[in-house]
Amino acid sequence: MTTVTLPSVSPVSGVSPGPRVGPVTALRNTFTLTWRSVLKIRTNMEDLVGLSLQPIMFLLLFTYVFGGALARSTHGYLQFALPGLLVMTVVFATLGTGLMLNQDITGGVFDRFRSLPIARSAPLAGAVLGDMVRYMICIAITLGFGMILGFRIGASPLSAFGGCLLLLTFALAMCWVSALIGMLVKTPQGVQMFGFLAMFPLVFASNLLVRSQTMPGWLQAFVRVNPMTDLTSAERGLLTGGSVATPAVRSLLWALAIFVVFAPLAVRAYRRRT
């Protein structure tokens, strides 16, 4: 009598689990899906236009609407506010990570990934790493258009490059917060709503756009412990000159803490949902 061995099937999903892969193969799978995320940016003109127009709109509105009232000089305010607007643009751009992950899950794309002989974590890691290109685009457009308006980097090129790397490092940590929201919320509209609810207090209750000394005492207490305040102070120092060491170290510690807390939670939510 011939014995036939059937493949094991997951009792929950009804899909045969993929074979276990080694770390080198998993890394190769991750880079392949990272390239997929990059190609999505290039082929999705709506997303590309949004990435391009958002920093331009922020620069024009905040510089010419608030500049004269807050600094009595649009150029002076641009020098003060551009590092903060750079932080705000990139932080808001991290919401795209959760939004795209949610769209892929609800559209059934991750079901097809699950049937392929690839590392299970590769689609999530690839989406996160691929979005780093989006953040680079935001940084380049914000700095480039800011210089057209009159912004001047007052520090060395190496210092400015360090500011860009610091911002990318922090964005890499923040995108795991966005990924967690994308895993927990059922619809892309929900990702946008809960994402903005989480980001708005952090972004605007800080020293991004105004000096914290002009705020009420109770709000200053929150501003002092807000990670966006340290990141903005570090960016101002790296781009225009000034104190850098303390806010930069604090920003890196904040990025590490955010990654340590939210990356495992996002991976756990991803495994539950997929």
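Residues numbered from 1 in each chain as written. Predicted model: local features only at pLDDT ≥ 70, side-chain atom pairs only at ≥ 80, totals over all residues. Heavy atoms only, no water.

1. Side note on the overall build of the chain
Definition in use: Each helix is a run of H or I in the DSSP string that is no shorter than four residues. Each strand is a run of E no shorter than two, and both are numbered from the N terminus. When a residue's accessible area, from a 1.4 Å probe over protein chains only, is under 20% of the maximum for its type it is buried; when over 50% it is exposed; and in between it is partly exposed. Contact between two residues is taken to exist if any of their heavy atoms lie within 4.5 Å; hydrogens are not considered. For the charge count, each Lys or Arg is scored as positive and each Asp or Glu as negative, with His and the chain ends excluded. The atom standing in for a charge is NZ when the residue is Lys, CZ when it is Arg, CG when it is Asp and CD when it is Glu.
In terms of regular secondary structure, the chain is built from twelve helices and zero strands. In the chain, the succession of helices and strands from N to C terminus is α-α-α-α-α-α-α-α-α-α-α-α. For the chain, the spread of C-alpha atoms along the three principal axes comes to 90 × 40 × 35 Å. When burial is assessed residue by residue, the chain has 46% of its 274 residues classed as buried. Sequence separation of at least 24 residues holds for 79% of the intrachain contacts in the chain that already meet a minimum separation of 6. Side chains of the chain give 20 positive and 7 negative charges; the mean places of these two sets differ by 6 Å.

2. Things to note about the nonpolar core
Nonpolar side chains in soluble globular proteins tend to end up buried together. What counts, and what does not: Put simply, a nonpolar core is a bunch of buried Ala, Val, Leu, Ile, Met, Phe, Trp, Tyr and Cys residues held in one set by side-chain atoms that sit within 4.5 Å of each other.
Leu85, Met88, Tyr135, Ile139, Leu143 and Trp176 are the most contacted members of the largest nonpolar core, which has 73 residues in total. No other element matches helix α8 (residues 157–184), which puts 16 residues into this core. Setting aside its immediate chain neighbours within four residues, Ile139 contacts Leu86, Val90, Cys164, Leu167 and Leu168.

3. Structural notes on the environment of Ala269
With respect to the secondary-structure elements, Ala269 resides in helix α12 (residues 245–273). Along the sequence, Ala269 and Met183 sit 86 residues apart, while their C-alpha atoms lie 5.9 Å from each other. When sequence neighbours within four positions are dropped, the list of residues in contact with Ala269 reads Leu180, Met183 and Leu184.

4. Quick word on the environment of Phe151
Within the secondary structure, Phe151 is located in the loop between α7 (132–149) and α8. With 75 residues separating them along the chain, Phe151 and Gly76 place their C-alpha atoms 8.9 Å apart. If sequence neighbours within four positions are ignored, Phe151 has contacts with Leu78, Gln79, Leu82, Pro83, Leu143, Gly146, Leu239 and Thr240.

5. Some details on the confidence of the model for the chain
Let me state the cut-off plainly: By definition, pLDDT measures how confident the predictor is in each residue, and it falls between 0 and 100.
On average, residues of the chain score 84 in pLDDT, and 92% of them are at 70 or above. With pLDDT under 50 throughout, residues 1–18 is counted as low confidence; its partners more than four residues away or in other chains account for twelve contacts.

6. Section: helix α1 (residues 23–43)
Given 3.6 residues to a turn, an α-helix orients residues that are three or four positions apart in the same direction. Test applied: Take the number of residues in a helix, subtract one, and multiply by 1.5 Å to get its expected span.
Taking 1.5 Å of rise per residue, 21 residues should cover 30 Å, and α1 covers 30 Å from first to last C-alpha, within 8% of that figure. Inspection of α1 places Ala26, Asn29, Thr30, Leu33, Thr34, Ser37, Val38 and Ile41 among the buried residues, and these make up the whole buried set.

7. Considerations on a nonpolar patch on the surface
For clarity, the threshold we go by: Patch rule: a residue counts if its relative accessible area is over 30% and it has no salt bridge; like charges are joined within 9 Å, and nonpolar side chains (Val, Leu, Ile, Met, Phe, Trp, Tyr) within 5 Å. Areas reported as accessible are Shrake-Rupley estimates using a 1.4 Å probe. Residue values count occlusion only from the protein chains shown. For this document, the term salt bridge refers to a Lys or Arg side-chain nitrogen within 4 Å of an Asp or Glu carboxyl oxygen.
On the surface, Met57, Leu61, Val65, Phe66 and Leu70 cluster together into a nonpolar patch covering about 460 Å² of accessible area. Tracing the backbone shows Phe66 in helix α2 (residues 45–71).

8. Brief notes about the side chain of Thr89
Within the fold, Thr89 resides in helix α3 (residues 74–93). Filtering out sequence-adjacent residues up to four positions away, Thr89 remains in contact with Gln54, Pro55, Phe58, Cys138 and Thr142.

9. Describing the pattern of salt bridges
In the structure shown here, the tally under the stated rule is two salt bridges. The partner of Arg36 in a salt bridge is Asp104, and the shortest N-O contact between them spans 3.5 Å. Of the two residues, Arg36 is situated in helix α1 and Asp104 in helix α4 (residues 95–106); the sequence distance between them amounts to 68 residues. Note that Asp230 is salt-bridged to Arg250, the shortest N-O span being 3.9 Å. Linking Asp230 in helix α11 (residues 227–240) with Arg250 in helix α12, this pair joins segments that are 20 residues apart in sequence. Owing to a relative accessible area of 45%, Arg250 belongs among the partly exposed residues under this scheme.

10. Some details on the side chain of Ser251
So the rule is basically this: In protein, a polar contact requires one atom able to donate a hydrogen and another able to accept it; more generally it is a pair of N or O atoms within 3.5 Å, and residues adjacent in sequence count only if both atoms are side-chain atoms.
Structurally, the position occupied by Ser251 is in helix α12. Within polar-contact distance, the side chain of Ser251 engages the backbone oxygen of Pro247 at 2.8 Å. Excluding anything up to four places from it in sequence, Ser251 contacts Leu166, Phe170, Asp230, Leu231 and Ala234.

11. Concerning α4
With twelve residues, α4 extends 17 Å from end C-alpha to end C-alpha; this agrees with the ideal 16 Å at 1.5 Å per step. Burial analysis of α4 places ten of its twelve residues in the buried class, which makes it a mostly covered element. Restricting attention to buried positions, one finds in α4 the residues Leu95, Gly96, Thr97, Gly98, Leu99, Met100, Leu101, Asn102, Asp104 and Ile105.

12. Some words on the state of the cysteines
Stated formally: Criterion for a disulfide: a pair of cysteine sulfur atoms within 2.5 Å.
For the structure shown, the criterion picks out zero disulfides. Its sulfur unpaired, Cys164 is 12 Å from the next cysteine sulfur, which belongs to Cys138. Judged by relative accessible area, which is 17%, Cys164 ranks as buried. The cysteine Cys175 is free of any disulfide, with Cys138 supplying the nearest cysteine sulfur at 13 Å. Judged by relative accessible area, which is 0%, Cys175 ranks as buried.

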